Amino acid sequence: MTENISVLGSTGSIGTQTLRVCEFLNVKVSALTAFSNIDLLEQQVRKFKPELAVIGTEEKAKELRLRLSDTSTRVGFGLEGLCEAAAIESADTVLTAVVGMIGLKPTLAAIEAKKNIALANKETLVTGGNLVMKAAKENGVKIYPVDSEHSAIFQCLQGCPDRKVLKRLILTASGGPFFGRRYDELKDVTVEQALNHPNWSMGAKITVDSASMMNKGFEVIEAKWLFDVPVERIDVVVHRESIVHSMIEYADNSVIAQMGVPDMKIPIQYALTYPNRVECETEQLDLTKISSLTFFKPDYETFKCLKACRKAIDMGKNFPVIVNGANEAAVELFLDRKISFTDIGDLVTEAMSSVSVRDINSVDDIIETDILSREYVSQTVGKV
Ligand code: NAD
Ligand code: MG
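Residues numbered from 1 in each chain as written. Chains lettered and ligands numbered in written order. Predicted model: local features only at pLDDT ≥ 70, side-chain atom pairs only at ≥ 80, totals over all residues. Heavy atoms only, no water.

**With respect to the packing of aromatic side chains**
Following the criterion strictly, the structure yields eight aromatic pairs and no others. Between Tyr-144 and Tyr-274, the ring centres sit 5.2 Å apart and the planes meet at 45°, which makes this aromatic pair tilted. Residue Tyr-144 is located in strand 7 (residues 143–145), and its partner Tyr-274 is located in the loop between helix 11 (265–273) and helix 12 (287–290); the two are separated by 130 residues in the primary sequence. Judged by centre distance (5.6 Å) and plane angle (65°), the rings of Phe-334 and Phe-341 are edge-to-face. Through pairs of rings, three or more aromatic residues link up here, namely Tyr-144, Phe-154, Tyr-270 and Tyr-274. One cation-aromatic arrangement involves Lys-224 over Trp-225; the distance from NZ or CZ to the ring centre is 4.7 Å. (Phe/Tyr/Trp six-rings, centres within 6.5 Å; stacked < 30°, edge-to-face > 60°. Helix = DSSP H or I, 4+ residues; strand = E, 2+ residues; numbered from the N terminus. Lys NZ or Arg CZ within 6 Å of the ring centre and 35° of its normal.)

Here it is as structure tokens:
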């Protein structure tokens, strides 16, 4: 059970919901970090009184320091600040809710400082899964999933007596706003349409990733690392209602599901209270109001990002890093209205056969591939 927490990315969708859960559970806050939202970070500092607050740039840090001069909270900035927040002595748990691969170094810093991790920042496992899981094992720390699908699997596994009888993981996917559409029908969709997720309210990047199903591809990779299950035994089913958050199947074909209303406070809270369960500030599930739950096969031809992730984790080496780096760059360009929605999947797929292949043995290897993948995307788009 978490007593003191450091929240990386406290001003985002997961970060703000985490602070609500902390307030409800009376968890003390040691550190908070944000990239640019200085107003919200200031409010959070005044409310939760952390030892340390971290913001994106030195310039913003100066302003924040002035604003907080009547408090005892120290102010840091940049990646160094994030790593300091991750390793802060008073915290027993670090919840990682920054967006993108920027979370990798702070997560490793937290693990080395022997903090348990409540992990929302999936790009960290997509790019550095082997390094992170190895470091967690060596330092004897736990990684508790915050992602709703992985929390569901983690919850279902609590009743699993012997991992040898675990046959399959079944990840559910909402299908996003473009479910049922074909590739050609997605060429002209707008940023607004991509940001209009049917069931969840999340940050912009993950909402676009959900629309392209890159998010589900990432979650297959995330599940492989978290639960040590080979990708051939991780299936994806589209489940439009987002009530069944994922399932596991045993050797006898019995399937166990975790259900609940789509509210991230449930998985966030379980990551903080594990192995205990306590009341949660969320709606109760009333299945009679929902009346039907539907399940469909995903369309791997239209949603090329999902296919790219399966291929990348199967091929290993730096392929998942290429997919992630190309995707981060492409999503930014899409949000800036510089490329079309289908360009995201196309650029990611092309990057996999263009960026040089190498083994990943260190964080530097990951960063080098990440830079090359982003460059591939910007150069290709620049040429068009
Ligand atoms: P968000 O965009 O709402 O928030 C991101 C947070 O990270 C903000 O606090 C922002 O200030 C900070 N941040 C952004 N860029 C940064 C940078 N370069 N350096 C330092 N800090 C930076 O995102 P979110 O929806 O809360 O998602 C956060 C992570 O959790 C993502 O990895 C996402 O895939 C994962 N996740 C989110 C949800 C969800 O429901 N929102 C569910 C599952 C997993
Ligand atoms: Mg998820």
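Once the structure has been displayed, the description carries forward.
**Structural notes on the domain arrangement of the protein chain**
For the protein chain, the domain assignment lists domain 1 (4–145) and domain 2 (148–176 + 191–295). Computed over C-alpha atoms, the centres of domain 1 and domain 2 are 24 Å apart. Between domain 1 and domain 2, the residue contacts involve 25 residues of the former and 30 residues of the latter. Taken over both partners, the interface formed by domain 1 and domain 2 buries close to 2300 Å², and the fraction arising from carbon and sulfur atoms is 75%. (Domains from an automatic or database assignment. Contact = heavy atoms within 4.5 Å. Buried area = accessible area lost by both parts, 1.4 Å probe.)

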